[in-house]
Amino acid sequence: MPSTSRSRLSPVRTAGIVAVAGLLVVVLVTAATPWPSAMLIRWVFGMGAERNVDIMQQFAPAEEVRSELDIQPAVHDEALAFDLFLPDDGSDDALPTVVWVHGGAWISGSKSDVAPYLQILASEGYAAVGLAYEYGPEVTYSAAVHQLNAALAELVERADEFRIDPDRIVLAGDSAGAQLASQLATLTVNDDYAKLLGIAPAIEAEHLVGVVLNCGVYDLRAMAELSGITSWGFKTALWAYTGNRDWSSTYAGATMSTVNFVTEDFPATFITGGNGDGLTWLQSVPMHHALQDKDVDVTALFWPAEHEPALPHEYQFELDRPEAQEALAQTLDFLGRVTDIQGD
């Protein structure tokens, strides 16, 4: 009987061919669409957010705060429900208001990720609002900016219902949320920029008294200078969010880069970033300088490059660190000054 050993592939060779073929499929798919990589990044970011929430909850004075979660907007879009935190002081008086945009690399995250932090702000006498928005790759730029502006309009329209003082609003955000908050602030005070985006500002410039920017992105061209896994993650996220792999040279890349649109009318700003976060040196520090060049009232909290331990991205949520406590204290000092809460 003739041998068949040469006409059949060994199990090892078969497994190798299957593995190579599978790898080729993965390469082809990830080269054609950001979806698989974006889902992986979303999972990783979600794990980090859960860790930070666990830390913050140890410091959140929930018993001093009244929380209203998942408030439905007038458009009845569940994806855009928002959370409201108020001091439990038995009063109906309007309060200076911090409107917070959560982070998540424009492709993940939830308003619940910042809920404990907003509870802390509310316990200090503020109405604190956590906004939701849709992100990539399910929707693409600039859907989130339009949604957040619409949410801001609703908050002002329902100000009496939510104890919001519409004359004392602070926009705030972390990471991608800081980038989005900077866009909302810029379109509020810069008519030319608002026209570029095709958005009518939800509030008057004089009613926006401050901005808080934590660990954000403000210059997309500079993102090309990132390296390693961080570079891959952000470039993939921006591809998913903008719908264009070559996002840096598009309308999205240009208009997301708020560092190029700040004017002397930009609101008073608190900006910070950790020394172990590459975005600090490529994004937050240059944004700080751009604001200074325009004579904007800007307060910065940066740590020396050699500071130990190196402070990671969104270090301000790790409230078991003394540096995060310092960031919180300076944030509250800034909020008190721009809202004149001491005069209430």
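What you see is a predicted model; the values in this text were computed from it and never measured.

A. View of the packing of aromatic side chains. The full count for this structure, using the stated rule, is 12 aromatic pairs. Measuring from centroid to centroid gives 5.8 Å for Y141 and Y241, while their planes differ by 70°, and the two rings are edge-to-face. One end of the pair, Y141, is in the loop between β4 (127-131) and α4 (143-157); the other, Y241, is in helix α8 (residues 228-242), and 100 residues separate them in sequence. The same class applies to Y141 as to Y241, namely buried.

B. Structural context of the packing of α4 against helix α6 (residues 176-189). Viewed as axis vectors pointing N to C, α4 and α6 meet at an angle of 65°, and their least axial separation amounts to 10 Å. The element α4 and its partner α6 pack so that their crossing is right-handed. On α6, the residues that touch A144, V145, L148 and N149 of α4 are L180, Q183, L184 and L187. When its residues are assigned to classes, the contact of α4 with α6 shows six nonpolar, two polar and no charged.

C. Just the sheet that holds β4, in detail. Pairing in this open sheet of eight strands is mixed, and the strands run β1-β2-β4-β3-β5-β6-β7-β8 from one edge to the other. On the outer flanks of this sheet lie β1 (65-71) and β8 (298-302), each paired with one strand and no other. The sheet shows a mean angle of 15° between the axes of neighbouring strands, direction not considered. As defined by bridge partners, strand β5 (residues 164-174) adjoins strand β6 (residues 208-214) across six bridges and the pair is classed as parallel. Residue pairing in the sheet places G173 in a bridge with L213 of β6. In the packing of helix α11 (residues 322-339) onto the sheet, the strands contacted are β3 (95-101), β5, β6, β7 (269-273) and β8, and the crossing angle to β6 comes to about 165°.

D. View of a negative patch on the surface. On the surface, a cluster of negative charge is made up of E264, D265, D293 and D295. Along the chain, the position of D295 falls in the loop between α10 (278-293) and β8. The class of D295 is exposed, set by a relative accessible area of 68%.

E. Summary view of the nonpolar core. Judged by nonpolar contacts, the single largest core of 64 residues is most densely connected at W106, L131, V145, L155, L180, L187 and Y241. Once you skip the residues sitting within four places of it in the chain, Y241 turns out to touch W106, I107, G136, V139, T140, Y141, A144, V145, L180 and M256. A115, Y126, F270 and Y315 belong to the second largest nonpolar core, which has 37 residues in total.

F. Geometry of the pairing of strand β2 (residues 82-87). Across the six residues of β2, six count as buried, placing the element largely inside the fold. Burial of the side chains of β2 extends over both faces: F82, L84 and L86 are buried on one face and D83, F85 and P87 on the other. In this sheet, β2 lies alongside β1 in antiparallel orientation, the contact comprising five bridges. By the bridge assignment for β2, V65 is matched with P87. In this structure, β2 lies alongside β4, joined through three bridges in antiparallel fashion. Within β4, the residue paired with D83 across the bridge is G130.

G. Quick look at the pattern of salt bridges. The tally for this structure, following the rule as stated, stands at 11 salt bridges. One salt bridge in this structure joins K111 and D70, with 2.6 Å as the shortest N-O distance. Placement of the pair is K111 in the loop between β3 and α3 (115-123) and D70 in strand β1, with a sequence separation of 41 residues. Through salt bridges with shared partners, one network takes in R51, E318 and R321.

The rules behind the values
Residues numbered from 1 in each chain as written. Predicted model: local features only at pLDDT ≥ 70, side-chain atom pairs only at ≥ 80, totals over all residues. Heavy atoms only, no water. Phe/Tyr/Trp six-rings, centres within 6.5 Å; stacked < 30°, edge-to-face > 60°. Helix = DSSP H or I, 4+ residues; strand = E, 2+ residues; numbered from the N terminus. Buried < 20%, exposed > 50% of the residue type's maximum accessible area, 1.4 Å probe, protein only. Axes fitted to C-alpha atoms, helices over the stretch in contact; angles between N-to-C directions. Left-handed = near helix turned anticlockwise from the far one by under 90°. Contact = heavy atoms within 4.5 Å. Nonpolar A, V, L, I, M, F, W, Y, C, P; charged D, E, K, R; others polar. Pairing = 2+ DSSP bridges. Patch = residues over 30% accessible without salt bridge, like charges linked within 9 Å, V, L, I, M, F, W, Y side chains within 5 Å. Areas by Shrake-Rupley, 256 points an atom, 1.4 Å probe, with all protein chains shown as cover. Salt bridge = Lys/Arg side-chain N within 4 Å of Asp/Glu carboxyl O. Lys, Arg positive; Asp, Glu negative; His and termini not counted. Charge placed at Lys NZ, Arg CZ, Asp CG, Glu CD. Core = buried A, V, L, I, M, F, W, Y, C linked by side-chain atoms within 4.5 Å.

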